[in-house]
Amino acid sequence: IHTVGPIYQGDGTDADKLFACYYNSLELAAKNRLHSIGFPGISTGVYGYPKEKAAEVALTAILNWFDDHKDYGMLVVIVNFSEADYKVYQKVWNKAKEVR
């Protein structure tokens, strides 16, 4: 499954477009009866999406998908290419757990 993330513009549509990349990829995986998927930080490289904002959108999309598909088993792996990226996702994940 391949998705092309948005080029960060800093406007109100960025988050919606990035959210759709993650959510629709999960939908496509489930449609094809797949039960695992890995995601890098979509759009956080040359497309310029700020990493913390992107992590928030990514985790929100993934958690929303799980909420919408409680009976579907899916393993989601977030692939971090650096220690700094890992720390960003860990920070956002810890914040998300507090809210839930």
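Parameters at a glance
Residues numbered from 1 in each chain as written. Predicted model: local features only at pLDDT ≥ 70, side-chain atom pairs only at ≥ 80, totals over all residues. Heavy atoms only, no water. Salt bridge = Lys/Arg side-chain N within 4 Å of Asp/Glu carboxyl O. Helix = DSSP H or I, 4+ residues; strand = E, 2+ residues; numbered from the N terminus. Buried < 20%, exposed > 50% of the residue type's maximum accessible area, 1.4 Å probe, protein only. 1 Å grid on protein atoms, 1.4 Å probe; cavity = no way out; pocket = protein on both sides within 12 Å on 5 of 7 lines; lining within 4 Å. Points joined across faces, edges and corners; volume = space filled by probe spheres on them. Nonpolar A, V, L, I, M, F, W, Y, C, P; charged D, E, K, R; others polar. Pairing = 2+ DSSP bridges. Right-handed = clockwise from strand over helix to strand, strands pointing away. Contact = heavy atoms within 4.5 Å. Expected span 1.5 Å × (residues − 1). Arc of directions from axis to C-beta.

Chemist: Mind laying out the pattern of salt bridges, listing which residues take part and the relevant values?
Modeler: Under the criterion given, the structure shown has five salt bridges. The partner of aspartate 85 in a salt bridge is lysine 51, and the shortest N-O contact between them spans 2.7 Å. Separated by 34 residues along the polypeptide, aspartate 85 in helix α3 (residues 83-99) and lysine 51 in helix α2 (residues 51-68) bring together distant segments of the chain. Under the relative-accessibility criterion, aspartate 85 is labelled buried at 14%.

Chemist: Tell me what's going on with the layout of surface pockets, and back it up with residues and numbers.
Modeler: Its volume calculated, the largest pocket comes out at about 200 Å³. Lining the largest pocket, in full, are Leu59, Ile62, Leu63, Phe66, Val76, Ile78, Asn80, Tyr86, Tyr89, Gln90 and Trp93. If you list the elements that add at least two residues to the lining of the largest pocket, you get α2, β2 (75-78) and α3. Of the residues belonging to the lining of the largest pocket, the class tally is nine nonpolar, two polar and no charged.

Chemist: Residue-level account of the pairing of strand β1 (residues 36-39), with values.
Modeler: The two faces of a sheet get side chains in turn, since along a regular strand they alternate between them. Where burial is concerned, the two faces of β1 differ: the one with Ile37 and Phe39 is buried and the one with Ser36 and Gly38 is not. Pairing analysis gives four bridges linking β1 to β2, with the strands arranged parallel. Its bridge partner lying in β2, glycine 38 is registered against valine 77. At this point the chain moves from β1, through α2, to the parallel β2, and the crossover so formed is right-handed.

Chemist: Quick one: what's the story with the environment of glycine 48, residue by residue and with numbers?
Modeler: If you trace the backbone, glycine 48 turns up in the loop between β1 and α2. For glycine 48, a relative accessible area of 40% puts it in the partly exposed group. Counting along the chain gives 20 residues from glycine 48 to aspartate 68, while the straight-line C-alpha distance between them is 30 Å. In contact with glycine 48, not counting residues within four places along its chain, are Tyr8 and Ser43.

Chemist: Before we move on, could you go through helix α1 (residues 14-31) and cite the residues and values that matter?
Modeler: For an α-helix, the turn length of 3.6 residues means that residues three or four places apart are oriented alike. If you check α1, its first and last C-alpha atoms are 26 Å apart, about what 18 residues at 1.5 Å a residue would give, namely 26 Å. All of the buried residues in α1 are Asp14, Leu18, Cys21, Tyr22, Tyr23, Ser25, Leu26, Ala29 and Ala30. Buried residues in α1, looked at end-on, bunch into an arc of 165°, giving them a common side. Exposed residues lying more than 90 degrees from the buried face of α1 are Asp16 and Lys31. Tucked into the core, α1 has its buried residues touching β1, α2, β2 and α3. Looking one or two residues past α1, arginine 33 carries a phi angle of roughly 60°, positive in sign.

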